[in-house]
Amino acid sequence: MARFSEQDITELRNLKIQCSHAVVEELTKRCSPKGDAATEGVISYYDQMLDRLRKFKLVTKRRDPNFDESRRELHWVAVQAEREAVQGLYEQGEISREAASRFRANIRNREATLYEQDEIG
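Residues numbered from 1 in each chain as written. Predicted model: local features only at pLDDT ≥ 70, side-chain atom pairs only at ≥ 80, totals over all residues. Heavy atoms only, no water.

1. As for the packing of aromatic side chains
To be explicit about the condition: Working definition: rings of Phe, Tyr and Trp (its six-membered ring) pair if their centres are within 6.5 Å, and the pair is stacked with planes under 30 degrees apart, edge-to-face with planes over 60 apart, and tilted otherwise.
In the structure shown here, the tally under the stated rule is one aromatic pair. Ring geometry for Tyr45 and Tyr46: centres 5.1 Å apart, planes at 85 degrees, overall edge-to-face.

See the structure below:
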């Protein structure tokens, strides 16, 4: 992946915030989020992304690439561990199919966020 300048990253983050706002606004106008799991999931994903983009400032000092790679690997290990735990709880009958589905959706949202973090900081 090509390295972006800090100005490019800032602009990408601002565009992502604007686009995310537009998605949430449009879905809220067009869809009835109550009772529609698909709409709720998409709106939730974009709300989480907006929250993350607002909270975390751009890191201006470049870190050690080995640190970033290790951090990324640990995130993916954690995501896989969550998936396995949800599957185990479901197979043992400790959670319902619906609960497992909600947990998996949450994990997918987090995974998508991790991909985006790698792209735009």
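That was the structure; now back to the text.
2. Some points on helix α1 (residues 6–30)
The test is simple: Each helix is a run of H or I in the DSSP string that is no shorter than four residues. Each strand is a run of E no shorter than two, and both are numbered from the N terminus. Under the convention used throughout, the expected extent of a helix is 1.5 Å for every residue step, that is, one less than its residue count. Only protein chains enter the accessibility calculation, which uses a 1.4 Å probe; a residue whose area is less than 20% of its type maximum is buried, one above 50% is exposed, and one in between is partly exposed.
For α1, spanning 25 residues, the distance from its first C-alpha to its last is 36 Å, which sits close to the expected 36 Å at 1.5 Å a residue. Listed as buried for α1 are Ile9, Arg13, Ile17, Ser20 and Val24.

3. Topic: the confidence of the model for the protein
Regions with low pLDDT carry predicted coordinates that are not meant to be interpreted in detail. Filter applied, for reference: Summary of the metric used: pLDDT quantifies the predictor's per-residue confidence within the range 0 to 100.
Taken over all residues, the pLDDT of the protein has a mean of 79, while the share at 70 or more is 81%. Across the protein, element-level confidence peaks in helix α3 (residues 65–91) with a mean pLDDT of 85 and bottoms out in helix α2 (residues 37–55) with 80.

4. Description of α2
Between its first and last C-alpha atoms α2 spans 26 Å; for 19 residues at 1.5 Å apiece the expected length is 27 Å, and the two agree. Looking at α2, one finds that the buried residues are Thr39, Ile43, Tyr45, Met49, Leu50, Arg52 and Leu53.

5. Structural notes on the packing of α1 against α2
Note the following rule: Convention adopted: a line fitted to C-alpha atoms gives each axis, helices being fitted over their contacting stretch, and angles between N-to-C directions are expressed from 0 to 180 degrees. Relative orientations are named as follows: roughly parallel for angles under 35 degrees, roughly antiparallel for angles over 145 degrees, roughly perpendicular for angles from 65 to 115 degrees, and oblique for any other angle. The handedness criterion is simple: a crossing whose near helix is rotated anticlockwise from the far helix by less than a right angle is left-handed, and one whose near helix is rotated clockwise is right-handed. We call two residues in contact whenever any of their non-hydrogen atoms come within 4.5 Å of each other. Throughout, the ten residues Ala, Val, Leu, Ile, Met, Phe, Trp, Tyr, Cys and Pro are labelled nonpolar, Asp, Glu, Lys and Arg are labelled charged, and all others, Gly among them, are labelled polar.
Packing of α1 against α2 brings their axes to within 9 Å, and their N-to-C directions diverge by 150 degrees. If you check the angle between α1 and α2, you find them roughly antiparallel. Crossing hand, α1 versus α2: left-handed. Taking contact as the criterion, the partners of Arg13, Lys16, Ile17, Ser20, His21, Val23, Val24, Leu27 and Thr28 in α1 are, on α2, Val42, Ile43, Tyr46, Asp47, Met49, Leu50, Leu53 and Arg54. For the contact of α1 with α2, the residue count by class is 10 nonpolar, three polar and four charged.

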